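Remarks on the overall topology
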Amino acid sequence: MPSPAAPSAGEGGDGGDADAMATVPIPAHRVVTTFDAASRHERIESKPLPVRLFRRAVTGAFEAWVRVSTRVVRHWDWYPNVEPYVGYGTEDYSRLICRTLYAPRNATPGKLMRGIHGMLTVPAAQRQVRISIDGMPLQTVQIGRSESYDRPDRSRACGSEYAISDSSGYLDLVAEYLLSPGIHRVAYQVRGRREVESNLFTIPSGARVGIISDVDDTIMVTQVPTLWKAAYNLLLRNPKTKASVPGMSVLFNKLADLYPDAPFFYLSTSPWNVESSIRHFIIDHGFPEGPLLLRDLDPRPKTFVPSGTQHKLEFAEQLMADFPDMKFILIGDDGQKDPTTYATIVKRYPGRVLAIGIRQLSPRESSALGSVAGVTATQPMPVTDVPVFTGTTGANLMKTMLPYLKSRM
């Protein structure tokens, strides 16, 4: 990067030096994900013919819907706006995520809404976004288009005072900037709109433990294994009435007391469209705040839609790489594939996982007929070298997990 590094937030100096340094932009570059650099096995071209035809039909239908809906909202005089998401990073660099969407002039970014409203948002593709951290602007480097080029096209590389969102409106950047540990503010702006802000959690280098938690049926009751109940809870239910899994907020706050510097990462297969609903739930129910790592459900030409397991493994690997000296506590439930997903993480990263907590769903939660038949459709517990603690509530998990973690300190 040609741009020199800016000083960390809070560094002093005389007025002249401060004014001079304020013009030095923060270098930033795009994050490479499975969408940008899909393996041969993940690409649509490697799938059987019926799968290829189905996925291309879905992709084509989605692209047609975007074209039609874009025309409609433009007719309504909607124009691009930024939906900011909570970022995270270390003292050396930060990961910033946002999305450009069409919205009416009086729209409030981050506003709590029902899931169905979030799912009907219309992406504003290829939009210029100005970004700053604590008032310091970013200098970005755009290299080609991630949806069109398998490899970076250096001929298209250029420095810019703004970044450009992708074909689904997403923007995922890593900013190289020295920051003090704590919560900072990131500002995003598109032309014709006011700046919008979100939190940036800067995690101290001394933090030795982090918590990665699932959301659905781990901290929030959604009954994901029962499709129609999950759809109702996700799309139609008033977000303010969503129930917390009993005792889980107490467990999480006990973990925060046990590890005061520990970051909490909420990893979910829910789409970014419902980010505001989950974020407000975390705050309203007293869970420790932290970044949300959700899933992009917009089908892409190269990789379609990542599976829930693929999504969780991808972000878990990202966090392992972001914080190489950190060990993690993994918390999930047995209603989806968390047990096997977490067992895979333990196998890939020996010595990096302290413990696994699995919340066990009741028969009623795990199956539409479970309350009648008295059986569950849950997964068995993983067999790993790491202790696995189970319980139907946070209180159950606390009785066994907390004594073990205290004994390891």
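Look above for the structure.
Thresholds, definitions, all that
Residues numbered from 1 in each chain as written. Predicted model: local features only at pLDDT ≥ 70, side-chain atom pairs only at ≥ 80, totals over all residues. Heavy atoms only, no water. Patch = residues over 30% accessible without salt bridge, like charges linked within 9 Å, V, L, I, M, F, W, Y side chains within 5 Å. Areas by Shrake-Rupley, 256 points an atom, 1.4 Å probe, with all protein chains shown as cover. Salt bridge = Lys/Arg side-chain N within 4 Å of Asp/Glu carboxyl O. Helix = DSSP H or I, 4+ residues; strand = E, 2+ residues; numbered from the N terminus. Axes fitted to C-alpha atoms, helices over the stretch in contact; angles between N-to-C directions. Parallel < 35°, antiparallel > 145°, perpendicular 65-115°, else oblique. Left-handed = near helix turned anticlockwise from the far one by under 90°. Contact = heavy atoms within 4.5 Å. Nonpolar A, V, L, I, M, F, W, Y, C, P; charged D, E, K, R; others polar. Pairing = 2+ DSSP bridges. Phe/Tyr/Trp six-rings, centres within 6.5 Å; stacked < 30°, edge-to-face > 60°. Buried < 20%, exposed > 50% of the residue type's maximum accessible area, 1.4 Å probe, protein only. Lys NZ or Arg CZ within 6 Å of the ring centre and 35° of its normal.

1. Section: a nonpolar patch on the surface
A contiguous nonpolar surface patch, about 290 Å² in accessible area, is contributed by Val68, Val72 and Trp76. Structurally, the position occupied by tryptophan 76 is in the loop between α2 (49-75) and β2 (79-84).

2. Notes on the packing of helix α5 (residues 248-258) against helix α11 (residues 394-407)
Across the interface, α5 lies against α11 with an axial gap of 9 Å and an inter-helix angle of 15°. Taken together, the axis directions place α5 and α11 in an arrangement best described as roughly parallel. When the axes of α5 and α11 are compared, the crossing they make is right-handed. In this structure, α5 uses Met248, Val250, Leu251, Lys254, Leu255 and Leu258 to contact α11, whose residues at the interface are Gly394, Leu397, Met398, Leu402, Leu405 and Lys406. Grouping the constituent residues of the contact of α5 with α11 by class yields nine nonpolar, one polar and two charged.

3. Comments concerning the sheet that holds strand β15 (residues 327-333)
Reading across from one edge, β14-β13-β12-β15-β16-β17 is the order of the six strands in this open sheet, with parallel pairing throughout. Looking at the sheet topology across the chains shown, the edges are occupied by β14 (292-295) and β17 (388-391). In this sheet, adjacent strand axes meet at a mean angle of 20° when their direction is disregarded. Lying on the sheet, helix α6 (residues 275-284) is in contact with β13 (264-271) and β14; it crosses β14 at an angle near 150°.

4. Notes on the packing of aromatic side chains
Inspection of the entire model under this criterion finds 11 aromatic pairs. When the ring of tyrosine 88 is compared with that of phenylalanine 323, the centres are 6.2 Å apart and the planes differ by 40°; the resulting orientation is tilted. Here phenylalanine 323 lies in the loop between α7 (308-322) and β15 and tyrosine 88 lies in strand β3 (residues 87-89), a separation of 235 residues in the sequence. Phenylalanine 323 carries the same exposure label as tyrosine 88, and that label is buried. When the ring centre of tyrosine 79 is taken as reference, the NZ or CZ atom of arginine 193 above it lies at 3.9 Å.

Take it as geometry only, folks, not as evidence of what the structure does.
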